[in-house]
Amino acid sequence: MTESFPRMQARTRRFTLGVPRGFTISPDGRRAVFLRTRSGTDPVTCLWELDVATGTERIVVDPLGLGPADEDLPPEERARRERMREAAGGVVAYATDREARLAVFALSGELYLADLAREGRVRRLPAAGPVIDPRLDPTGSRVAYVTGGALHVLDLASEADTVLAAPEGDQISYGLAEFIAAEEMDRMRGYWWSPSGDRLLVARVDESPVALWHIADPANPERPATPQRYPAAGTANAEVTLFVIGLDGSRVAVPYEQEYLATALWDAHGLALVTLARDQRSMRLLAADPATGETSLVREDTDPAWIDIVPGVPARLSDGTLVWVADSDGGRRLVVGSEPVTPPSLQVRAVLDVDGDTVLFQAAAEPTEIHLWTYAAGSLSPVTTEPGVHAGRLSGGVTVVARQSLDSEGTSVTVVRPGGTTAAIRSAAERPGLEPRVSLMRAGARGLSTAVLLPSWHVPGSARLPVLMDPYGGPHAQRVLQARRMFLESQWWAEQGFAVVVADGRGTPGRGPAFEREMLHDFTLSLEDQVDALQGVAAQYPDDLDLTKVAIRGWSFGGYLAALAVLRRPDVFHAAVAGAPVTDWRLYDTCYTERYLGHPDEGHYEGSSLLGDAEKLERPLMLVHGLADDNVVAAHTLRLSSALLAAGRAHTVLPLSGVTHMTPQEVVAENLLLLQLDFLRKSLQI
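Now for a quick tour of the structure. (Residues numbered from 1 in each chain as written. Predicted model: local features only at pLDDT ≥ 70, side-chain atom pairs only at ≥ 80, totals over all residues. Heavy atoms only, no water.)

1. Notes on the packing of aromatic side chains
No. 1: Here the structure, examined in full by the defined rule, presents 22 aromatic pairs.
No. 2: A ring pair is formed by F557 and W585, whose centres lie 6.0 Å apart and whose planes are at 40 degrees; its orientation type is tilted. With F557 in helix α7 (residues 557–568) and W585 in the loop between β42 (575–579) and α8 (590–597), this residue pair connects regions lying 28 residues apart in the sequence. Accessibility classification places F557 together with W585 in one group, the buried group.
No. 3: Taken together, a centroid distance of 6.0 Å and an interplanar angle of 90 degrees make the contact between W585 and Y588 edge-to-face. For the pair W585 and Y588, one class covers both residues: buried.
No. 4: Members of the aromatic cluster, connected to one another through ring pairs, are W306, Y472, F523, F557, Y560, W585, Y588, Y592 and Y596. (Phe/Tyr/Trp six-rings, centres within 6.5 Å; stacked < 30°, edge-to-face > 60°. Helix = DSSP H or I, 4+ residues; strand = E, 2+ residues; numbered from the N terminus. Buried < 20%, exposed > 50% of the residue type's maximum accessible area, 1.4 Å probe, protein only.)

Here it is as C-alpha cells:
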C-alpha cells in the first residue's frame, strides 16, 4: 500500500482529479454547470451539467472529441495556469452569460462555444490567434478574449471580430492580470463586461518598468533562457491603468491613486473598484462613473500592519446595499451596508455569492473548520454544522455544498434544492489506499492548531519514534484543517516510521486578525512556533516521540522554514529537506514580501534571510528546486548553496530540470518523495 502511494498521489495530482469543481448555478435554479475529469487518473477536464430537479448529470464538453489529447497552450495560458496552480488539462475554466445558457472556453488556444440550452451543442469560433481568458457578455451576444496582448470582441451572430484594444509595445497588454495580481491577489482577470454588454472595463498593463530576469534551462543549453519580468521586493511593479472601452471604440480613462488594483465589480448598480496602497495599509473602495471615468470614495479601510484582500467583495444586495468584509473588535466580520452583521468570534473567510438579498459566505469560530453561513433579512443562519471544510455556491435558491472532513474520504458535493431536498454530484476521485490517523490538538504555550499522525501499526507508548515536522508555516495558508486530503502525504510519512507533527503558527488564518499580524516584520516567528508546537506535542506524547531524531520538511515558505530550522535551531532539528525555499527575501515579489516585511530599506529583511546563517549549518540539509520555477526562482537555492560552500558546510542540492513551482510531472513527484525519505533515514540513522 505505502509503496504505491507516491505514484498514486502523483498520477491523481494529489487526489484532485475526478473531484467536481468550478460550479455555476443558473439564476432560475434549474441547472448547475461544473468541471470534472472522467476519472481520478484522467487529467482531461470535461464540462458537465446537472439537472437540479432530477439529479441527472450529462457531459456537455469532452475535449477529446474536439481535438488531440495533448494541448498546445500559448505561453500566456501556461503562465496563467501556473499562477492558478492548475495541474489538470482540458476545459480548466469556462465563463457563461447571465442566464447560464451559453458557456465559452479555450482549448489548445482555440475558442469554443457550448449552447447549454440546446443539449450542449459545441462549435468552434474563429479567433484571431491563441485565445486567453474568453468571457461572454451578460446578454450572451458576444465573447471577449485576449490574444497577442490585444483585447478582441467576437459577435456570435455574425462572427465579426473587432480589436478593441491593441498593445502599443512588446511589454504592454490589455485585458490580462499582471504577475502580482494573479500570484498574490487572486485576481486572474483583466477585464469586466458592463451589465448591458455594450462596454468593458479593461486593464492596460505596462511591464516595461519591471526588472527583466531570465529563467534558464541548464539541462538543455541549446534552448534560450526565458525572459521574465519579475517585480522583486523594493523594485518597480507593472503599471496598471484602467479604461472603459465601448464597442464603438470609445475610450474613457478611469484613474486611481493607489499602487494595486485588487478587483472590480460592474453590476446593475454601477461600477466599483478596489485599490490597495503599495504598503498595503490602506484599501479603498471607489465608485466610478463609466461615462466620465470620475471616481468617488465609498469607504477606506486602514491598518497599521496591512489590509487583507478578502475574496468575493465587494458585492451588493438586490437594492444595491454594499456587502463587504472588514476587521473590527478583534474579528474579521461581514459588513452589510455600513454595519457588521457577524460577531467578532466568527472569522469570515470569503463571500461566495449573493442571491437576491441572501449572502452566502465562509466563516468559522474554530480555526480547523470552515463552514457555510447565510445572512438574510437581518438574520445569520448556518448552512453547514458537521465538522469539516466546506465551500459552496448559491443562486436561484439552490445551494451547492462541497464538504471535506476527517471522517470521510475525498470531497462530497451536495445540491440543496429550495425545498430542502438534495441531490449528489458524483466524485470520480481515486481512493488513496491509506487512512490518516489524525489527532488534532492545541499545542504549546500559544495553543497552536496542531495535528499528530502516528503509524497505523504503532501501539501508543510502545516505542519512541523519530519525528517529522511537516509544516507550511507561512502566513495566509493553513495545513491543520479537518479534511483528510490535507494529511494524506503526512500519513504516508507516518507509515514509514515517523511521528508526524503538522502545526499552524502565527500568521495563519482562522484565529483572527491579531494572530495573523504577529508575523509583521519577522518571518522567523514561524520557527519559534514550530519549536513551541513540538514541545507541546512531546509533553502529551512523552513515550511516542524521540526528540533526539527530529527532521523537518517543507515546500515554498515551508522550505524556507525547514532550512531556517536546521540553521538556527540545530539543538532541536537534526535534518531538513527544503523544497523551493525563499532564502533571500529581496529576491521574492513585491506584494507578498512587502506586506509582511515592509520595504527593504526599512531594515527588516536581513533578520529573516538565510544567507547570513550559512556558516551555522551543522545538520544535514537537502535543497530541492525546480529550475523552471518562475515564482520562487532557482537563484534562491543556488545563492544559499554558494554561501554554504563558501562557509565549508556540506549539503545536498537536488535540481529538478524543467520543473516549475508546482512539480506536476508524475515521475518527478513520485521519486521526489522517495528520495526525501532516503535522505532523512540516512541523516537520522534510522
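2. So, unusual backbone geometry
No. 1: Between V313 and P314 the backbone carries a cis peptide bond, its omega angle lying at 10 degrees.
No. 2: Structurally, P314 can be placed in the loop between β24 (295–302) and β25 (315–316).
No. 3: A positive phi angle, close to 50 degrees, is found at S108, a residue other than glycine.
No. 4: A residue is classified by how much of its surface remains accessible, and S108, at 22% relative accessible area, is partly exposed.
No. 5: Even without being a glycine, H476 presents a positive backbone phi close to 65 degrees.
No. 6: With respect to the helices, strands and loops of the structure, H476 is situated in the loop between β39 (465–469) and α4 (488–495).
No. 7: Of the residues examined, H476 reaches a relative accessible area of 35% and is grouped as partly exposed.

3. A word on the packing of α4 against helix α10 (residues 666–684)
No. 1: Two elements in contact, α4 and α10, have axes separated by 12 Å at closest approach and are oriented at 40 degrees. Compared by their axis directions, α4 and α10 come out oblique. For the crossing formed where α4 meets α10, the hand is right-handed. Contact residues: α4 offers E489, W492 and W493, while α10 offers L673, L674, Q676, L677 and L680.
No. 2: When grouped by side-chain class, the residues that make up the contact of α4 with α10 number 6 nonpolar, 1 polar and 1 charged. (Axes fitted to C-alpha atoms, helices over the stretch in contact; angles between N-to-C directions. Parallel < 35°, antiparallel > 145°, perpendicular 65-115°, else oblique. Left-handed = near helix turned anticlockwise from the far one by under 90°. Contact = heavy atoms within 4.5 Å. Nonpolar A, V, L, I, M, F, W, Y, C, P; charged D, E, K, R; others polar.)

4. Looking at the sheet that holds strand β22 (residues 270–276)
No. 1: Spatial strand order, β21-β22-β23-β24: 4 strands in an open sheet with antiparallel pairing. If you trace the sheet from one side to the other, it starts and ends with β21 (260–267) and β24, each paired once. Ignoring which end each strand starts from, the neighbouring axes of this sheet average 20 degrees apart.
No. 2: Pairing analysis gives 6 bridges linking β22 to strand β23 (residues 282–288), with the strands arranged antiparallel. Within β23, the position partnered with L273 by the bridge is L286. (Pairing = 2+ DSSP bridges.)

5. Some points on the pattern of salt bridges
No. 1: Per the stated rule, a full pass over the model turns up 52 salt bridges.
No. 2: We note a salt bridge from D198 to R199, for which the minimum N-O separation is 3.8 Å.
No. 3: Counted as one network, the salt bridges with shared partners bring together D303, D308, D327, R332, E516 and R517. (Salt bridge = Lys/Arg side-chain N within 4 Å of Asp/Glu carboxyl O.)

6. Some words on the environment of E489
No. 1: The residue E489 is located in helix α4 in this model.
No. 2: Taking the C-alpha atoms as reference points, E489 and L434, separated by 55 residues in sequence, lie 9.7 Å from one another.
No. 3: Not counting residues within four places of it along the chain, the set of residues in contact with E489 comprises F5, Q9, R14, R553 and L673.
No. 4: Engagement of the side chain of E489 in a polar contact is seen with the side chain of R14, the distance being 2.7 Å. (Polar contact = N/O pair within 3.5 Å; in protein donor to acceptor, adjacent residues only side chain to side chain.)

7. Side note on the packing of helix α6 (residues 525–540) against α7
No. 1: Axis separation between α6 and α7 bottoms out at 10 Å; the angle between their running directions is 75 degrees. In terms of orientation, α6 lies roughly perpendicular with respect to α7. Contacts between α6 and α7 involve S526, L527 and Q530 from the former and F557, L561, L564, A565 and R568 from the latter.
No. 2: Its residues assigned to classes, the contact of α6 with α7 shows 5 nonpolar, 2 polar and 1 charged.

8. Digging into the pairing of strand β34 (residues 398–404)
No. 1: Buried residues dominate β34, accounting for 7 of its 7 residues.
No. 2: In β34, alternate side chains face the same way, and those of V398, V400, A402 and Q404 on one face and T399, V401 and R403 on the other are all buried.
No. 3: As paired strands, strand β33 (residues 389–395) and β34 are joined by 7 bridges and run antiparallel to one another. Its bridge partner being in β34, S395 is matched across the sheet by V398.
No. 4: Count of turn residues in the β33/β34 antiparallel hairpin: 2 residues, of which G396 carries a positive phi of about 60 degrees.

9. Focus on helix α2 (residues 75–84)
No. 1: Listed in full, the buried residues belonging to α2 are E77, R80, R81, E82 and R83.
No. 2: Contacts from the buried residues of α2 go to β5 (89–90), β10 (132–136) and α3 (179–184).
No. 3: Two residues or fewer after α2 comes R85, characterised by a positive phi angle close to 60 degrees.

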